[in-house]
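# Analysis of the macromolecular model
Take a look at the letters that make up each chain.
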Amino acid sequence: MKINAIKYDTTLKQGSSAVHRDPQNLKEKERAGLCGKNNEDKTKFGGNFTGKSEVAASAIKNSKIKDKIFNSKSYNWLLKFAEEHNVAGSALMALFLAGAVRPATILALPGKKDKEDKIYASGHSMASGIIGFAASTIITSPWDQGVANIMDNYKKHYDKKIENVLAGKDINEGVPELKYKFKLLDKKYERLIELKKMAADKASKIETKALLNQIDTIKLYMKNVTDWAIAIPRSILTIALIPPILKYVFGVQKKSKAAPEPTVQEQPKNTLKMVSRMDGFMNKLNSKADGGSK
């Protein structure tokens with residue numbers, strides 16, 4: 001009995017010691033693995049840092065391309081044109097889509113049989129884009145210039161008033177005369193003057209910024225009036241001018257569809273057989289009737 005107990009105790013001690021030794025081994029292995037990874041990382045990113053340098057080079061390259069686009073004269077002209085003539089600017093974007101993107105998409109569609117139809121659809125799209133842009137630009141440009149003159153007159157008038165307030169001078173000294181007056185704009189600018197007279201705290205700065213944004217929005221709405229006014233006449237003009245533009249500019253004309261030939265319905269073979277049988281039967285009856293009468 002004592003021998004068995006001694007054996008049992010020794011096995012427990014051996015097992016417990018093995019259990020206590022294993023975590024140390026695991027920790028040593030993990031430390032060795034981490035050291036190995038650190039060494040790999042150092043060897044991987046040592047020297048010239050090729051991975052990071054390639055990413056940096058591509059980022060610099062892309063930034064140069066963006067700078068070339070955003071600093072180009074054509075891009076700045078487009079932004080200025082869209083700001084000054086927002087209706088004509090949207091028509092210019094429509095011209096790009098209808099005059100280039102849509103025709104290219106239509107012509108790229110598969111199908112050789114529908115080639116003439118695709119050419120006509122492409123010409124129709126280009127003609128509508130050209131007419132829309134030309135009509136929008138010709139009609140809205142004088143109105144846009146008038147709105148710009150009104151807003152510039154208001155800005156110069158009230159900027160001079162604000163300058164006099166900040167300098168402690170008479171508020172009406174050297175102020176340009178308003179050529180046209182609008183109550184809504186008067187209220188916005190008078191509130192700006194009141195804010196300038198007050199202490200320059202955070203609340204007044206926020207309200208000033210909001211008022212300036214509202215004035216810009218009023219200017220935008222004044223320009224958009226022309227788009228609402230010419231929408232129907234422009235559509236009528238576009239529909240009327242598309243056929244002659246297609247014919248004389250693009251040399252494309254829609255072909256009239258030929259009238260379909262009348263189709264002769266063929267009777268089924270079974271019906272023909274029945275008719276022939278009935279004819280034969282009727283002929284027999286007629287012959288019998290003639291023989292009986294004789």
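Cut-offs applied
- Residues numbered from 1 in each chain as written.
- Predicted model: local features only at pLDDT ≥ 70, side-chain atom pairs only at ≥ 80, totals over all residues.
- Heavy atoms only, no water.
- Helix = DSSP H or I, 4+ residues; strand = E, 2+ residues; numbered from the N terminus.
- Buried < 20%, exposed > 50% of the residue type's maximum accessible area, 1.4 Å probe, protein only.
- Patch = residues over 30% accessible without salt bridge, like charges linked within 9 Å, V, L, I, M, F, W, Y side chains within 5 Å.
- Areas by Shrake-Rupley, 256 points an atom, 1.4 Å probe, with all protein chains shown as cover.
- Salt bridge = Lys/Arg side-chain N within 4 Å of Asp/Glu carboxyl O.
- pLDDT = per-residue confidence, 0-100.
- Contact = heavy atoms within 4.5 Å.
- Expected span 1.5 Å × (residues − 1).
- Bend = angle between axes of the 7 residues up to and from the residue.
- Core = buried A, V, L, I, M, F, W, Y, C linked by side-chain atoms within 4.5 Å.
- Polar contact = N/O pair within 3.5 Å; in protein donor to acceptor, adjacent residues only side chain to side chain.
- Axes fitted to C-alpha atoms, helices over the stretch in contact; angles between N-to-C directions.
- Parallel < 35°, antiparallel > 145°, perpendicular 65-115°, else oblique.
- Nonpolar A, V, L, I, M, F, W, Y, C, P; charged D, E, K, R; others polar.
- Phe/Tyr/Trp six-rings, centres within 6.5 Å; stacked < 30°, edge-to-face > 60°.

Attention now goes to the overall build of the chain. For the chain, the count of helices and strands is eight helices and zero strands. The burial tally for the chain puts 20% of its 294 residues in the buried class.

On the surface, Met93, Phe96, Leu97 and Val101 cluster together into a nonpolar patch covering about 370 Å² of accessible area. Given a relative accessible area of 48%, Met93 falls into the partly exposed group.

For the rest of this paragraph, the subject is the confidence of the model for the chain. Taken over all residues, the pLDDT of the chain has a mean of 76, while the share at 70 or more is 65%. Mean pLDDT per element in the chain: helix H1 (residues 2–44) is the minimum at 46, and helix H4 (residues 86–107) is the maximum at 93. Counting interchain partners and residues more than four positions distant, the pLDDT-below-50 stretch residues 37–52 has one contact.

Attention now moves to the pattern of salt bridges. Taken as a whole and assessed by the stated rule, the structure comprises four salt bridges. Between Asp159 and Lys155 there is a salt bridge whose closest N-O contact spans 2.9 Å. One end of the pair is Asp159 and the other is Lys155, both in helix H5 (residues 115–167) and four residues apart, which spans about a single turn. Relative accessible area serves as the criterion here: at 47%, Lys155 is assigned to the partly exposed category. Among the charged side chains, a salt-bridge network with shared partners connects Arg191, Glu194 and Glu207.

Here the focus is the environment of Ile139. In this fold, Ile139 is placed in helix H5. Taking the relative accessible area as the measure of exposure, Ile139 reaches 43% and is therefore partly exposed. Between the C-alpha atom of Ile139 and that of Asp227, which follows or precedes it by 88 residues, the distance is 9.4 Å.

Let's shift gears to H5. Compared with an ideal rise of 1.5 Å per residue, which puts 53 residues at 78 Å, H5 spans 73 Å between its outermost C-alpha atoms and is within 8% of the ideal. Within H5, the axis deviates most sharply at Thr140, by approximately 40 degrees, and proline Pro142 lies no more than four positions further along. After H5 finishes, the residue Gly168 shows a positive phi value of roughly 75 degrees.

The next subject is the nonpolar core. The biggest cluster of nonpolar side chains holds 16 residues, and the ones touching the most others in it are Met151, Tyr154, Tyr158, Leu185, Tyr189 and Ile215. Broken down by secondary-structure element, the contributors of at least two residues to this core are H5, helix H6 (183–197) and helix H7 (202–248). Of all the elements, H5 adds the most residues to this core, at six residues. Not counting the four nearest positions on each side in its chain, Tyr154 is found in contact with Leu178, Tyr180, Lys181, Phe182, Leu185, Asp186 and Tyr189. Counting five residues, the second largest nonpolar core, distinct from the first, contains Ile131, Ile242, Ile245 and Leu246.

This part is about H6. Helix length check: H6 (15 residues) gives 21 Å between terminal C-alpha atoms against 21 Å at 1.5 Å per residue, within 8%. Looking at H6, one finds that the buried residues are Leu185, Asp186, Lys188, Tyr189, Leu192, Ile193 and Leu195. At its buried positions, H6 is contacted by H5 and H7.

With respect to the helices, strands and loops of the structure, His157 is situated in helix H5. Judged by relative accessible area, His157 falls into the buried class, the value being 10%. A polar side-chain atom of His157 sits 2.4 Å from the main-chain carbonyl oxygen of Pro176.

It is the contact of H4 with H5, at a shortest axis distance of 8 Å, that shows an interaxial angle of 170 degrees. Relative to H5, the element H4 lies roughly antiparallel. Broken down by class, the residue content of the contact of H4 with H5 amounts to 14 nonpolar, eight polar and two charged.

Once that is clear, we can look at the packing of aromatic side chains. Here the distance between the centres and the angle between the planes together describe a pair of aromatic rings. Counting across every chain of the model gives five aromatic pairs. Each ring, one from Trp77 and one from Phe81, has its centre 5.2 Å from the other, and the planes form 20 degrees; the classification is stacked. One end of the pair, Trp77, and the other, Phe81, are both in helix H3 (residues 73–84), four residues apart, so they sit about a helical turn from each other. Of the residues examined, Trp77 reaches a relative accessible area of 51% and is grouped as exposed. Centre to centre, the rings of Tyr154 and Tyr189 are 5.9 Å apart; their planes meet at 25 degrees, and the pair counts as stacked. Here Tyr189 lies in helix H6 and Tyr154 lies in helix H5, a separation of 35 residues in the sequence. Pair check on accessibility: Tyr154 and Tyr189 agree, each one buried. One aromatic cluster in this structure is built from Tyr154, Tyr158 and Tyr189.

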